[in-house]
Amino acid sequence: LGSSLRGTLDRLQGKTRLDEEDVEEVVREIQRSLIQADVEIDLVMELSDEIERRALEEEPPGGTTARDFVLRIVYEEMVDLVGDSTELPLESQTILLAGLQGSGKTTTAAKMAWWFSKKGLRPAIIQTDTFRPGAYDQAEEMASRAEVSFYGDPDNDDPVEIAREGLAATEEADVHIVDTAGRHALEEGLIDEIETIDDTVDPDRRLLVMDAAIGQGAKDQAQRFEEAIGVDGVVITKLDGTAKGGGALTAVNETDSSIAFLGTGETVQDVERFEPNGFISRLLGMGDLKQLAERVERAMETGDEEEDWDPEDIMSGQFTLKDMRHQMNAMNKMGPLDQVLDMIPGLGGGLKDQLPDDAMDVTQDRMRSFEVVMDSMTDKELENPRSVGANQVRRVARGSGQPEERVQELLEQHRMMERTLKQFQGMGDADMQRMMKR
Ligand code: GDP
Ligand code: MG
């Protein structure tokens, strides 16, 4: 189906204007792809109405084809719908996992523990499932594969007591991941039990774990857990199968939350932080949506001075705000930094795992506001951001119509990128260039 969407879009390739019929055809294909991916009908309708409205009302920017224009609208509306990933500060916290039996909670607990440990934290898994035979052994084994602390008690059949004792017994850990039982249906017993565990452990985050194949059942499930404990984020598991996880969008919408992690296999390493682009492209069965959206964006940019920028300048030590602007554009073409690092042969996971999670993760919205801020800076300030003092921050904020915090955020982002780049300066030149120029 993705390919028929692609086919429809390709037919628009030569056109510069969209007529109503074109828009209707694209919208129909998108609806078909999304429904096929288990996205709830109401959501699909809402989304496609908005896409249709914008495609007919907005003027395509000069220099873009009708196809790229409509794709950009699709992409933006989809990003709006799926949202950013659930915020997960790299600090001490307690996370409660909820979900039906078989949804992947125990596996996810181990995956998340592994993920946090790679970020330099000390996680512990507390296993409170006293219902499923073998739950203790399974959780213990997965924890040992993730090489993280584990607490469970096969001789105790009171999950609330286990949760309480588990927190005390794993005091030396900083991230506590509390795994719970899930039964076949959402019967009262399960909901009562998780409410009591929730009261006892008082988690900072409550994540709902869902099988990608959940489909239309997602709504009821999400509502029940939202009522019982409140859902701060959703984990979609088994995305390595054929299901595309569109049901999770219902859950996100229903609980007013976001997606935290994606599970993509049975081992503890098969976990990814949620990232909208990949997920959206997958839902629509298209691989290059973000890139296309950005091509249109670039076509809309004015006063482009990209041409004489040499990535090697960054390696010579100095890193200015001008460099940062180019850098952000380059990064944006390639995707998030951790994926970029994966493309560099021989780098392995070592360096990548030491990086703060959001070291260079500048979202499109932030980037746009950064651009506006930079437009209000003088050349001297762009070249020497460290010299920008409080008075200048105030002036730039006024000039750009952005809050002062945004200006400060930009300066902070610059400092962070500068620091991160220092870590790369030992890398081979060829690798670096490949990374910058892509
Ligand atoms: P729980 O009952 O919610 O704790 O679910 P489990 O963690 O025990 O997972 C149920 C089954 O799904 C197990 O066989 C897991 O190996 C499998 N599973 C969990 N997550 C994934 C995933 O991301 N991909 C695949 N292929 N299997 C998974
Ligand atoms: Mg389990």
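Treat the numbers as computed from the prediction; the structure is a model and nothing was measured.

What counts, and at which threshold
Residues numbered from 1 in each chain as written. Chains lettered and ligands numbered in written order. Predicted model: local features only at pLDDT ≥ 70, side-chain atom pairs only at ≥ 80, totals over all residues. Heavy atoms only, no water. Pairing = 2+ DSSP bridges. Helix = DSSP H or I, 4+ residues; strand = E, 2+ residues; numbered from the N terminus. Axes fitted to C-alpha atoms, helices over the stretch in contact; angles between N-to-C directions. Near = heavy atom within 4 Å. Polar contact = N/O pair within 3.5 Å; in protein donor to acceptor, adjacent residues only side chain to side chain. Areas by Shrake-Rupley, 256 points an atom, 1.4 Å probe, with all protein chains shown as cover. Nonpolar A, V, L, I, M, F, W, Y, C, P; charged D, E, K, R; others polar.

K.L.:
Describe the sheet that holds strand β7 (residues 259–263), and please don't skip the residues or the numbers.
P.N.:
Within the open sheet, the eight strands sit side by side as β3-β2-β4-β1-β5-β6-β7-β8. Their pairing is mixed. Each edge of the open sheet is held by one strand with a lone partner, namely β3 (149–151) and β8 (271–273). Across this sheet, the average inter-strand angle for adjacent strands is 25 degrees, counted without regard to direction. Pairing between β7 and β8: three bridges, direction antiparallel. Its bridge partner lying in β8, F261 is registered against R273.

K.L.:
So, the site of ligand 1: which residues are in play, and what are the values?
P.N.:
In the vicinity of ligand 1 lie 17 residues, with G102, K105, T107, R132 and D240 positioned nearest. Between an oxygen atom of ligand 1 and a main-chain N or O atom of K238, the distance comes to 3.0 Å. Here a nitrogen atom of ligand 1 sits 2.7 Å away from a polar atom, N or O, in the side chain of D240. Burial of ligand 1 by the protein amounts to 83% of the accessible area it has alone, namely 580 Å². At four residues, the largest contribution of residues to the shell around ligand 1 is made by helix α5 (residues 105–118). Considering only residue class, the shell around ligand 1 consists of one nonpolar, ten polar and six charged.

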